[in-house]
Amino acid sequence: MPELPDLAIIREQLAPRVTGVTIAAVEVRRPLVVRNLLGGEIGQHLIGRRFIDVTRRGKFLLLSLDSNVYIVIHPMLAGRIYYGEPLPRHRIRDALVLGLEDGHELRYYDAKDMGKVYLAADLPQVPTFASLGPEAIDPALTLPVFCQRLSQQRGEVKRALTTQSCVAGIGNAYADEICWRAGVYPFRRVASLTKDEQTRLHAAMQAVLAEAIETLRARMGEAIDVEVRDFLSVHGQAGQPCPRCRSAISEVKREQIATHFCRACQPGRLVGG
């Protein structure tokens, strides 16, 4: 799942390459994935239009055009973005292919068809966009603001961190990393957190995301369609030794979502689990 660090680097790579470039051709290969909120044929809104910026909001990538229209990519679980030389043939899960005037192409593909690409003039039209909370790396998200927003969440810590209306940009992988860094059991109830634990979560959130962005900046390069997660401490590391205490990393699956944590560093009990 592309999360804030992944999309931050994708934005960094795409912005200087596509800004000022005109779209020459459009092919929608999976209409269920590509949602045209403007009506009419999608080509009439895109062909001949020029990219003027690439930005990010939460787990959305925003490509703005000179017609005051946005291509909004929400990769969800398995969406990937490809930019480069035209591929010799289409792949089964290619959803949208944009041929660019400079000879490159931009593709969105999704192995699970869960993500979406929206064409919109008004960003609040895009589902869930208007309800996004502050960016997880925004300096304005100070400890008091974070604690106040966290206190509005009724469920578990990990669920709160991944609730985009609470803080925007964190998904399953980095929520695991933040909880581990803070030494907080991911299934703890938010209401049970002490002030010290809230402080540790806030500090861990800032540190984990900043470090991940720096790592991905060095590791991803131009291969923005490749997910790099092998540097993470606990997520995806079930059975491996905890980097802090060397105990085996545990994995708990609930509703098809895997959570990874260290039972020694993050003690707790999963009620009903």
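Only a predicted model underlies this, so the values are computations on that prediction, with no experimental measurement involved.

Q: An account of the sheet that holds strand 4 (residues 60–65) is requested, with residue identities and associated values reported.
A: If you walk across this open sheet you meet the 5 strands as 2-9-5-4-3, and the pairing is mixed. The outermost strands of the open sheet, each flanked by one partner alone, are strand 2 (34–36) and strand 3 (51–57). Between one strand axis and the next, the sheet turns through 15° on average, direction left out of account. As paired strands, strand 3 and strand 4 are joined by 6 bridges and run antiparallel to one another. Residue pairing across strands places valine 54 opposite leucine 63, the latter belonging to strand 4. Packing of helix 1 (residues 4–18) onto the sheet brings it into contact with strand 3 and strand 4, and relative to strand 3 it is tilted by some 170°.

Q: Explain the pattern of salt bridges residue by residue, including any values.
A: All chains considered together, the criterion is met by 23 salt bridges. A salt bridge links glutamate 12 to arginine 217; its shortest N-O distance comes to 2.4 Å. Separated by 205 residues along the polypeptide, glutamate 12 in helix 1 and arginine 217 in helix 6 (residues 195–219) bring together distant segments of the chain. When its relative accessible area of 29% is taken as the criterion, glutamate 12 is described as partly exposed. Two residues, glutamate 227 and arginine 80, come together in a salt bridge whose shortest N-O distance is 3.2 Å.

Calculation rules
Residues numbered from 1 in each chain as written. Predicted model: local features only at pLDDT ≥ 70, side-chain atom pairs only at ≥ 80, totals over all residues. Heavy atoms only, no water. Pairing = 2+ DSSP bridges. Helix = DSSP H or I, 4+ residues; strand = E, 2+ residues; numbered from the N terminus. Axes fitted to C-alpha atoms, helices over the stretch in contact; angles between N-to-C directions. Contact = heavy atoms within 4.5 Å. Salt bridge = Lys/Arg side-chain N within 4 Å of Asp/Glu carboxyl O. Buried < 20%, exposed > 50% of the residue type's maximum accessible area, 1.4 Å probe, protein only.

By themselves, these are just geometric observations and shouldn't be taken as functional.
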